[in-house]
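Remarks on the overall topology
For reference, the chains in residue letters:
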Amino acid sequence: MSANDSPDRPAAALITHDKGDFLESLDAGLRRRGLGFAAPVIVWFFSLFSGRGAVIAVPYVFLLAFFLIPFFIVLKISFAETALAIPPYTGLIEMVDDGFEYYLTLKLNLANYLTIFTEDTYVRAYLNSAKIAAISTALCLAIGFPMAYAMARASESIRPTLLMLVILPFWTSFLIRVYAWIVILKTEGGLLNTFLISIGLISPDNPLRILNTEWAMYIGIVYSYLPFMVLPLYANLERMDLTLLEAAADLGCRPIKAFWVVTVPLAIPGIIAGCFLVFIPAVGEYVIPELMSGDNVRVIGRKLFTDFASERNWPLAAAVSVVLLMILIIPIMLFQRQQAKLQEAGR
Amino acid sequence: MNVASASRVPFEPWNDPQAKPYIRIVNVTKTFGDFVAVDNMSLDIYQREFFSLLGPSGCGKTTLLRMLAGFERPTSGRIELDGVDMSAVPPYERPVNMMFQSYALFPHMTVEENIAFGLRQDGVPKDERARRVDEMLGLVQLTKFAKRKPHQLSGGQRQRVALARSLVKKPKMLLLDEPLGALDKKLREQTQFELMNIQEQVGITFVIVTHDQEEAMTVSSRIAVMNHGRIAQVATPTEIYEYPNSRYVAEFIGDVNVLEGRLTEVAADHVVITSTEADTHIYVDRGTSAASGSTVWVAVRPEKIDVALTPPEQPDYNCIKGTVWDIGYLGNLTIYHVKLENGKRVTAAVANRRRLRDKPITWNDEVYLTWAPDSAVVLVS
């Protein structure tokens, strides 16, 4: 840009302005050449490279590259059959050339889906996963709400510190944190048992058996996902107008009742956001049940891994994950609708 | 309206030695750490009053209101309501309601539910609750909006919901914290009168906090002008305006010219002040507590000053000569800023009763400013 350009015009405005000019002239040019029918599409394509278009395009490109394309690959595999090959499944489209005829076939194998919906182990694994996720979500809410409430009502000077403490565990690898819990909960020489024995609360002959039970799994899941519950709740509670509680008290409402009739209803958006953020990943959880719950807890994540790794049945594993995604899409869509409704209400 | 005829009887319980104060604030002090928000304040408010606490921000008026509501406890002193000491009563047990500056409407409840909230807390049966909510909706003209949520209402409508919600429990005292602060000027003026009408209809004692002196003047039976946690003056709007007791009050309420001078003649029915600042003698037909020879200030309101191009018959008293420095034409009034020889400025406001004057006063004209002996006030502090 030359120094002669008017200095009071911000550079950004100049760029978008020029792009706008470019798009307009492109549109006009196409129409002049009798290409008016194609002009909207071409202009849209070029608008992707203008400042605003690029910003809007980023999430779409991200979604396309890291969600839609992988999803369609998985979907494709789920309709294939296993094969002794690398990768270990058949193609869907085959060229047939038997000398007389010459054509393409598309073969969709539905047996994988049939297995999932008819075989008891799969149905039960899905239900069990949903149950574990629901219980974990409820536990996270029960623990997370008081935590978030205490944080939001703490003095303003220590709130950033408290927030930091909630986020801090993310700085350590998830796996390391799960292994740390194993070290704590171990029956033989675990930190918890050692401590309880040393203070004489339990006898060394009869230590607590937590690891490799459902309890250990719940501890692991609740511990891992608690921040996802606390953060949206905190954001919501911290924003709450405290004069509403004064108004409630002024109108004759005791503080405990005001909590239930004012604070909790106003926290519902935060509660919903937190519950979805815990429930959705908890349904597909694989690592924690695998490492902490022993062999007796059947969840869909473990089933999927066995099919994929041990059985080398990629098509079945792909079908399991497609069904899992379909199950999760329902709460995700409910969540999205809730968010949209909130935006509409403007608060 | 029959209320109008009733209000013609002067309502001045504060002048009646038989009248018992409804709200007694006795030696109340409130400190936050080192900061003294309310400093040993005593104040009596009578039933059915529309009482204003007026002052600049930080003068302690909101703290006092919050103590009346029960959100703050006095550090020392007592607050009595209808003969009962309120100091230790929590807000949810006080027969007092408050209208918040931000309105504090519950965003998750409809207008109707907001108004019914207080009645619900008291366990008022459903039928009666519905009846009283309807009554309130009628009073504030929001019947059509009963099912709306607060975010679907305009600022003025929200203000009326807040008023209805705080009135529905028929409190012994209604506290209003800057109730009209969020409204624009036109709506504010209109709402002031609505508020007065509603107060007369419901007969509840109103205590209002405001920093807007015009608002306080319009609505109040009495005003307490506050400064640094203390009361500067408590009086009716007229008294506050016409007979302020200090330069602070005179300058806080309306525009005023303050002339410094020395008392040269003190009698029971009049005083004479010699002002070197204004280069004149000032005759005031009211006595003063100050002794002859002491320094005092004379306050003269701009609208009480006449502006003339010719000298008056008696130029020795209450007459200042100066040149017109600036003119502000407001339509109904014309404001003359007159500069005296020593550089002091005096402001005069002249009503434009006729459309055109014979000989208009204009910039740099030499003018004579005069006022009547009963127009000025002597201030000793």
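Predicted model only: the values in this text are computed from it and were never measured. (Residues numbered from 1 in each chain as written. Chains lettered and ligands numbered in written order. Predicted model: local features only at pLDDT ≥ 70, side-chain atom pairs only at ≥ 80, totals over all residues.)

Right, let's get into the overall build of chain B. A count of helical and extended segments in chain B gives 9 helices and 20 strands. Viewed in the frame of its principal axes, chain B has a C-alpha envelope of about 75 × 50 × 45 Å. Evaluated residue by residue, chain B yields a buried proportion of 37% over its 381 residues. A separation threshold of at least 6 residues defines the contact pool for chain B, and within that pool the share at least 24 residues apart is 64%. (Helix = DSSP H or I, 4+ residues; strand = E, 2+ residues; numbered from the N terminus. Buried ≥ 20, exposed ≤ 12 C-beta atoms within 10 Å, placed from the backbone. Contact = placed C-beta atoms within 7 Å.)

This paragraph deals with the overall build of chain A. Helix and strand counts for chain A come out as 14 helices and 2 strands. Here the C-alpha radius of gyration of chain A, 28 Å, is well above what a compact globule of 347 residues would show, namely 20 Å. Dimensions of chain A along its principal axes, counting C-alpha atoms only, are 90 × 75 × 45 Å. If you take every contact in chain A between residues at least 6 apart in sequence, the share linking residues at least 24 apart comes to 67%. (Rg over C-alpha atoms; globule rule 2.2 N^0.38 Å.)

The next thing to look at is unusual backbone geometry. Following Ile86 of chain A, the chain continues into Pro87 of chain A via a peptide bond in cis, with omega recorded as -10°. Tracing the backbone through its elements, the reader meets Pro87 of chain A in the loop between helix 3 (51-78) and strand 1 (93-97). For Arg312 of chain A, which is not glycine, the phi dihedral falls at a positive 50°. Residue placement: Arg312 of chain A occurs in the loop between helix 13 (300-310) and helix 14 (314-345). Notably, Asn40 of chain B is not glycine yet its phi reads approximately 45°, a positive angle. Positionally, Asn40 of chain B belongs in strand 2 (residues 35-45). Overall, the presence of 13 C-beta atoms within 10 Å leaves Asn40 of chain B in the partly exposed class.

Residues and elements named next belong to chain B. Reading across from one edge, 15-19-16-17-18 is the order of the 5 strands in this open sheet, with antiparallel pairing throughout. At either end of the open sheet lies a strand with only one pairing partner, and these are strand 15 (306-308) and strand 18 (345-351). Strand-to-strand, the axes of this sheet are offset by a mean angle of 45°, without reference to chain direction. Note: strand 16 (residues 319-329) against strand 17 (residues 333-340), 7 bridges, orientation antiparallel. The partner of Asp326 across the bridge, within strand 17, is His337. (Pairing = 2+ DSSP bridges. Axes fitted to C-alpha atoms, helices over the stretch in contact; angles between N-to-C directions.)

Turning our attention to the confidence of the model for chain A. Taken residue by residue, chain A gives an average pLDDT of 86. The fraction at 70 or more is 91%. The low-confidence segment residues 1-17 of chain A (pLDDT under 50) makes 5 contacts with residues lying over four places distant or belonging to another chain. (pLDDT = per-residue confidence, 0-100.)

Here the focus is the domain arrangement of chain B. Residues and elements named next belong to chain B. When its domains are assigned, chain B resolves into domain 1 (2-95 + 171-247) and domain 2 (255-379). Look at where the C-alpha atoms of domain 1 and domain 2 centre, and you get two points 34 Å apart. Of the residues lining the interface, 4 residues belong to domain 1; the matching set on domain 2 comes to 5 residues. Looking at the side of domain 1 that touches domain 2 residue by residue, the class counts come to 2 nonpolar, 1 polar and 1 charged. (Domains from an automatic or database assignment. Nonpolar A, V, L, I, M, F, W, Y, C, P; charged D, E, K, R; others polar.)

Adjacent strands of a sheet pair through backbone hydrogen bonds, lying either parallel or antiparallel. All names here are of chain B. An order of 2-1-4-5 is seen for the 4 strands of this open sheet, with the pairing classed as antiparallel. The sheet is open, and its two edges are formed by strand 2 and strand 5 (84-85), each paired on a single side. In the sheet, strand 1 (residues 23-32) pairs with strand 2 via 7 bridges, with the strands oriented antiparallel. Bridge pairing in strand 2 places Arg24 opposite Asp44. Packing against the sheet, helix 2 (residues 61-69) makes contact with strand 1, strand 2 and strand 4 (76-81), and its axis sits at approximately 65° to strand 2.

This next bit is on the interface of chain A and chain B. Across the boundary between the two partners, chain A contributes 17 residues, which contact 18 residues of chain B. Contributing elements (two or more residues each) for the side of chain A that touches chain B: helix 10 (243-250) and helix 11 (255-283) of chain A. Ranked by residues supplied to the side of chain A that touches chain B, first place goes to helix 10 of chain A with 6 residues. Of the residues in the side of chain A that touches chain B, the class split is 9 nonpolar, 3 polar and 5 charged.

Here the focus is the nonpolar core. Judged by nonpolar contacts, the single largest core of 104 residues is most densely connected at Ala164, Leu175, Val207 and Val298 of chain B. Counting contributing residues per domain, this core is built from domain 1 (2-95 + 171-247) and domain 2 (255-379) of chain B, each supplying no fewer than three. Non-local contacts of Val298 of chain B, meaning those with residues more than four positions away in its chain, are made with Leu259, Gly261, Ile273, Ser275, Ile282, Val284, Ala376 and Val378 of chain B. Listed in part, the 53 residues of the second largest apolar core include Ala125, Ala152, Cys275 and Leu304 of chain A. (Core = buried A, V, L, I, M, F, W, Y, C linked by C-beta atoms within 7 Å.)

All names here are of chain B. Alignment of strand 17 against strand 18, held across 7 bridges, turns out to be antiparallel. Paired with Ile335 across the strands is Ala349, a residue of strand 18. With antiparallel pairing between neighbouring strands as the criterion, strand 17 and strand 18 make up a hairpin whose turn holds 4 residues, including Gly343 at a positive phi of roughly 100°.

A word on helix 13 of chain A. Residues and elements named next belong to chain A. Looking only at helix 13, the buried set comprises Ile300, Gly301, Lys303, Leu304 and Asp307. Projected down its long axis, helix 13 shows its buried positions confined to an angular sector of 165°, all on one face. The exposed residues of helix 13 that point more than 90 degrees off its buried face are Thr306, Ala309 and Ser310. Remark: Arg312 follows helix 13 within two positions and exhibits a positive phi of approximately 50°. (Arc of directions from axis to C-beta.)

This paragraph deals with the pairing of strand 16 of chain B. Here is the key point about a regular strand: its side chains alternate between the two faces of the sheet. Residues and elements named next belong to chain B. As judged from the 5 bridges shared by strand 16 and strand 19 (residues 366-370), these two strands associate in the antiparallel manner. Counterpart to Gly322 in the pairing with strand 19 is Val367. Taking the residues between adjacent antiparallel strands as the criterion, strand 16 and strand 17 are bridged by 3 residues, where Gly331 takes a positive phi near 95°.

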